[in-house]
Amino acid sequence: MRTYKIKIALVFVLLFGVFMLGACSPAETPNDEEVYLDGISVNMNTVQESYQVGHFSVDGIELALIFSNEFLSSVKLSDSMILTDVNSVEEAGTVEVEVEYANLFTSFMVNLTESEVIEEVSIYEESYDPYALIDTFDVSDIILEVRYSDESIEYVNVTNDMLSINDVVKFSEEGVHDITITYEGEEVVLRIAMFADYPEVEDEKILEELIFDEVMNMLMRDHYKNPSEALLFEGALQGMIDVLEDPFTNYFDAEAAAQYQGGFGETYVGIGVRVQYIDDSIIVDGVINGGAAEEEGIMVGDIIRTVDGEEVTGQNLYEVVNKILGEEGTYVHIGIERVGVSNLIIFHLERRVIDNPTVVYEVIEREGAMYGLITVSTFGDETGQLFGDAVDALEQQNIEGLIIDLRNNGGGRLDTVLMMLREFLVNDGNPIFSLEYLSGGVSQSQDLFSYRPSLKPYDIVTLINGGSASASEVFASAMQEHGGYNIVGTTSYGKGTMQQTKLVSVTEGDALNITIGKWLTANDNWVHYQGGTDGIIPDIESPLLPVETAWKIILEEDEVIMYDTVSQRISNLQVIINAMGYTVRTDGYYDIDTSLAIEDIQFMNGLEVTGNVDQMTMSVINTFLGEYQKDIDNDSQLKTALDYFIEE
């Protein structure tokens, strides 16, 4: 059976070679002269510098064909063309190898070196499947790993002549067999179970394991990408998670798990951005002061498309974040998609220690009254205590109202949220929020209550936006539905699930961040974006002004934005110009009024007056925008919250 297959393959190769020669060589020249094969020679560039004694092979060697009309072609050298039995030579040295092809002869020199001593022969694990079907088994699929004294490794397919006749017969008999393979005097034993048909497996779990092992082995043996077992196992693991269609469940190796946990501290190593996962995209919803992202010009609203050249759209949120994080002092390349820019903007960013104070507070004076402002960026390990300290400090200054800013806060620790809510909400016998989750395969529910006997003596407003998610929404909904406090801003993200990080016991530090259940508001609402109410709606809607969402403009090298052009980028530019005190249209057409405003900006800043926007002009405009957006007096949503207190 096996000999038949080899003959067919050889005939196919020879026929294919003849076809190629016929296609490349015209039968006649323009002068009707007959064309014939005039000579042959070996392409020495395809011959190895040396071969070990007994291990010469024609693999890769090409034979050049020279025709009478000077047309050149080539074929691969085959064993049938070799007249010299090179592998019968037992001593190192130079050997002349004679070649015959189409009744023409040539020769070439081969350098033979001493063979290294075989140290060990073993079965190459990735070629070995302990179970096989009699009808489909081919012993040549099994590969030997041969290690030599010079530390080199050779991989050799097993052939029947390496086995005894008795062992060859075993491959046609059902049962578990020990097969002795002999190679160059070295022996290795292979244990294999042969089946006429795979047995019925009553235990479904065993059947699934057999299927998994067989598919993995087939992929390792036969897939053209030659995948490793580790790669396929990682893919299988990720596949179990992907099938859940839950972007918030993720497997962390030890390093990624440590980085994830580190993100809940007051400092971390990174580039200084906060991100959200929206419609398969990783979107920047916060840029932290002092980070490389702020220095290099990454903006809120930018979409992260690549990390170190790898496309990350559609990848799990935590998987992408872990690619961005890394060791202090190392660099990462981030490819950003920005509205109005046709190509990706590539940022080369240094990972550094980022101060990440999760709680920042201050007092704002308006019309003779003092109001407290606490900004919470995430619900981290120390946030609850820091938040309580901030409340105490502000109360000592006799505040008449408190604003809690949770905009672009993507969530965090649930116990931290509970600790913060208990600063304000009273125990009236009703839960401030509830949990429904799975534990040990059993459905559980839990109501959470506050402890306070009475409300604070001042009113409280919570600020939210589309970047407020998860724990932020737990806090805001409890303040709104249980406490009766007002929410200001725009509708929140809508993440009504909760996760728990569980260590994987059989590894050192690996963990599974798993969605275990959902949380419900005090009024039993589920705010989730899939099947829920799709976020928390503020009591007082307050969309941001266009200049608050404007983005810094990036110009490519030598690029100029010119008069009488139209683009979305120009519309963004016009919004910024209006904030600088000018009055121009904002539909994206670069008209004469826009040009005159640019001329004035250039004149006021000592630049060449052209009316067109170049790199220097853009730098002035971007600097203004950055300072404008950082100024608390320009925060329209905060102003709405303060106006609410004043108008009460």
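Relevant structure appears above.
Residues numbered from 1 in each chain as written. Predicted model: local features only at pLDDT ≥ 70, side-chain atom pairs only at ≥ 80, totals over all residues. Heavy atoms only, no water.

Draft legend 1. Molecular detail of the nonpolar core. One finds Ile374, Phe387, Leu402, Leu421, Phe424 and Phe475 to be the most contacted residues of the largest nonpolar core, which totals 38 residues. At six residues, helix α10 (residues 471–482) tops the list of elements feeding residues into this core. Leu402 has contacts with Gly372, Leu373, Ile374, Leu394, Phe424, Tyr458, Asp459, Ile460, Val461 and Phe645, leaving out every residue within four places of it along the chain. Phe248, Tyr260, Ile282 and Ile345 belong to the second-largest nonpolar core, a separate cluster that totals 31 residues. (Core = buried A, V, L, I, M, F, W, Y, C linked by side-chain atoms within 4.5 Å. Buried < 20%, exposed > 50% of the residue type's maximum accessible area, 1.4 Å probe, protein only. Helix = DSSP H or I, 4+ residues; strand = E, 2+ residues; numbered from the N terminus. Contact = heavy atoms within 4.5 Å.)

Draft legend 2. Examining the packing of aromatic side chains more closely. For the structure shown, the criterion picks out eleven aromatic pairs. Between Phe137 and Phe171, the aromatic rings sit 4.7 Å apart at their centres with planes inclined by 40°, giving tilted as the arrangement. A residue pair is termed long-range when its members are at least 10 positions apart, and Phe137 in the loop between β8 (131–133) and β9 (143–148) and Phe171 in the loop between α2 (165–170) and β11 (175–183) qualify at 34 residues. Where Phe624 meets Tyr628, the ring centres are 5.8 Å apart and the plane angle is 40°; that geometry is what we call tilted. On the criterion of helical spacing, the pair formed by Phe624 and Tyr628 is a turn pair, its members being four residues apart in helix α13 (residues 615–630). (Phe/Tyr/Trp six-rings, centres within 6.5 Å; stacked < 30°, edge-to-face > 60°.)

Draft legend 3. Looking closely at the pairing of strand β28 (residues 486–489). Alternating positions in β28 separate into two faces, Asn486 and Val488 on one and Ile487 and Gly489 on the other, with burial throughout. Two strands pair when backbone bridges link them, and strand β27 (residues 459–464) and β28 are joined in this way by four bridges, in the parallel orientation. Each residue of the ladder has a partner; that of Ile464, found in β28, is Gly489. You can see the chain leave β27, run along α10 and come back into β28, and the turn it takes is right-handed. By the bridge criterion, two bridges tie β28 to strand β31 (residues 540–541) in an arrangement that is parallel. Each bridged residue has a counterpart across the sheet, and for Gly489 the counterpart in β31 is Glu541. (Pairing = 2+ DSSP bridges. Right-handed = clockwise from strand over helix to strand, strands pointing away.)

Draft legend 4. Structural view of the sheet that holds β8. As summarised here, the arrangement of the three strands in space is β8-β12-β11, forming an open sheet in which the pairing is mixed. Of all the strands in the sheet, the pair left with one neighbour each is β8 and β11. Shown here is a sheet whose adjacent strand axes are inclined to one another by a mean of 45°, direction ignored. Sheet topology places β8 next to strand β12 (residues 186–195); three bridges connect them, and they run parallel. Residue pairing in the sheet places Tyr131 in a bridge with Ala193 of β12. (Axes fitted to C-alpha atoms, helices over the stretch in contact; angles between N-to-C directions.)

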